[in-house]
Amino acid sequence: QVQLVESGGGLVQAGGSLRLSCAASGHTFKPYTMGWFRQAPGNERELVAAIRWTDTMTYYADSATGRFTISRDIANKTLYLRMIGLKPEDTAVYYCAASGYASIYRPSPSAFSSWGQGTQVTVSS
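Q: Mind showing me how you'd approach the nonpolar core here?
A: The nonpolar side chains of a soluble globular protein tend to be buried with one another. L4, M34, W36, L79, L81, M83 and Y94 are the most contacted members of the largest nonpolar core, which totals 29 residues. At the level of secondary structure, the elements contributing two or more residues to this core comprise β3 (18–25), β4 (33–39), β5 (46–52), β7 (68–73), β8 (78–83), β9 (92–99) and β11 (119–124). In terms of nonpolar packing, the next biggest core, distinct from the first, is built from 9 residues, F37, Y59, A102 and I104 among them.

Q: Got a minute to help me understand the side chain of T78 in this structure?
A: Looking at the secondary structure, you find T78 in strand β8. Given a relative accessible area of 10%, T78 falls into the buried group. A polar contact of 2.9 Å, which involves the side chain of T78, links it to the backbone oxygen of N76. Once you skip the residues sitting within four places of it in the chain, T78 turns out to touch S21, C22, A23, W53, S71, R72 and D73.

Q: How should I be thinking about the pattern of salt bridges in this particular structure?
A: When the charged atoms of two side chains with opposite charge come close together, those side chains can pair. This model, assessed by the stated rule, comprises 4 salt bridges. Residue R38 pairs with D90 through a salt bridge whose shortest N-O separation is 2.9 Å. With R38 in strand β4 and D90 in the loop between β8 and β9, the pair connects residues that are 52 residues apart, well separated along the chain. Close ionic contact of R52 with D55 constitutes a salt bridge, the shortest N to O distance being 2.9 Å. For D55, a relative accessible area of 36% translates into the label partly exposed. Bridged by salt links that share partners, the residues R38, E46, R67 and D90 form one connected network.

Q: What am I meant to see in the pairing of strand β1 (residues 3–7) here?
A: Sheet faces and side chains relate simply in a regular strand, where the side chains alternate between the two faces. Across the two faces of β1 the burial differs, with L4 and E6 buried and Q3, V5 and S7 not buried at all. Pairing analysis gives 5 bridges linking β1 to β3, with the strands arranged antiparallel. When the sheet's bridge partners are listed, S7 is paired in β3 with S21.

Q: Explanation requested: the packing of aromatic side chains in the structure shown.
A: Aromatic ring pairs are described here by two measures, namely the spacing of the ring centres and the angle between the planes. A full pass over the atoms with the stated rule returns 6 aromatic pairs. Pairing F37 with W115 gives two aromatic rings, centres 4.9 Å apart and planes at 55°, and the pair type is tilted. Taken together, the residues span a long stretch of sequence, with F37 in strand β4 and W115 in strand β10 (residues 114–115) at a distance of 78 residues. Geometrically, the ring pair formed by Y59 and Y105 is edge-to-face, given 6.1 Å between the ring centres and 80° between the ring planes. Here Y59 is found in strand β6 (residues 58–60), whereas its partner Y105 is found in the loop between β9 and β10, with 46 residues between them in sequence. In textbook terms, an aromatic cluster arises when at least three aromatic residues are bridged by ring pairs, as seen for F37, Y95, F112 and W115.

Q: What's the story with the sheet that holds β1 in this structure? I'm lost.
A: Adjacent strands of a sheet pair through backbone hydrogen bonds, lying either parallel or antiparallel. Taken in spatial order, the 4 strands of this open sheet run β1-β3-β8-β7, and their pairing is antiparallel. With one partner strand each, in any of the chains shown, β1 and β7 form the two edges of the open sheet. Within this sheet the neighbouring strands show an average axis-to-axis angle of 15°, counted without direction.

Q: Please explain the state of the cysteines as it appears in this structure.
A: One way to say it: the disulfide is the covalent bond shared by the sulfur atoms of two cysteines. Counting across every chain of the model gives 1 disulfide. The disulfide partner of C22 is C96, and the S-S distance across this bridge is 2.0 Å. Across the S-S bond of C22 and C96 the torsion is about 55°, and the bridge reads as right-handed. Note that C22 is positioned in strand β3 and C96 in strand β9, a separation of 74 residues in sequence. Of the two residues, C22 and C96, both sit in the buried class.

Rules and cut-offs
- Residues numbered from 1 in each chain as written.
- Predicted model: local features only at pLDDT ≥ 70, side-chain atom pairs only at ≥ 80, totals over all residues.
- Heavy atoms only, no water.
- Core = buried A, V, L, I, M, F, W, Y, C linked by side-chain atoms within 4.5 Å.
- Buried < 20%, exposed > 50% of the residue type's maximum accessible area, 1.4 Å probe, protein only.
- Helix = DSSP H or I, 4+ residues; strand = E, 2+ residues; numbered from the N terminus.
- Polar contact = N/O pair within 3.5 Å; in protein donor to acceptor, adjacent residues only side chain to side chain.
- Contact = heavy atoms within 4.5 Å.
- Salt bridge = Lys/Arg side-chain N within 4 Å of Asp/Glu carboxyl O.
- Pairing = 2+ DSSP bridges.
- Phe/Tyr/Trp six-rings, centres within 6.5 Å; stacked < 30°, edge-to-face > 60°.
- Axes fitted to C-alpha atoms, helices over the stretch in contact; angles between N-to-C directions.
- Disulfide = S-S within 2.5 Å.

Here it is as structure tokens:
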């Protein structure tokens, strides 16, 4: 069984930066794709960025392009999301997720079988 634990969220002023981390554990952790999603109150969960675990191919939602960077550390089984130039509209709960088969290009949340508990990111104006 795979467990994902996010950390690094918090309150930041507009224009600030944060780095989210997602630590994975479990002997069955062999993802094909991992992703960062976010969900704001009243909104559906949306993809922010995805990465193919073995070769680091990446995909970013339009809202994240140029400001967010997804990366991973295979040895430590950790996924990261570096966020700069944060805006109030980036306020949401951020989740990491793992999939054994999802394409990195606009993957649906339903393609991910393992999810973390989420970490709150709040950007004040």
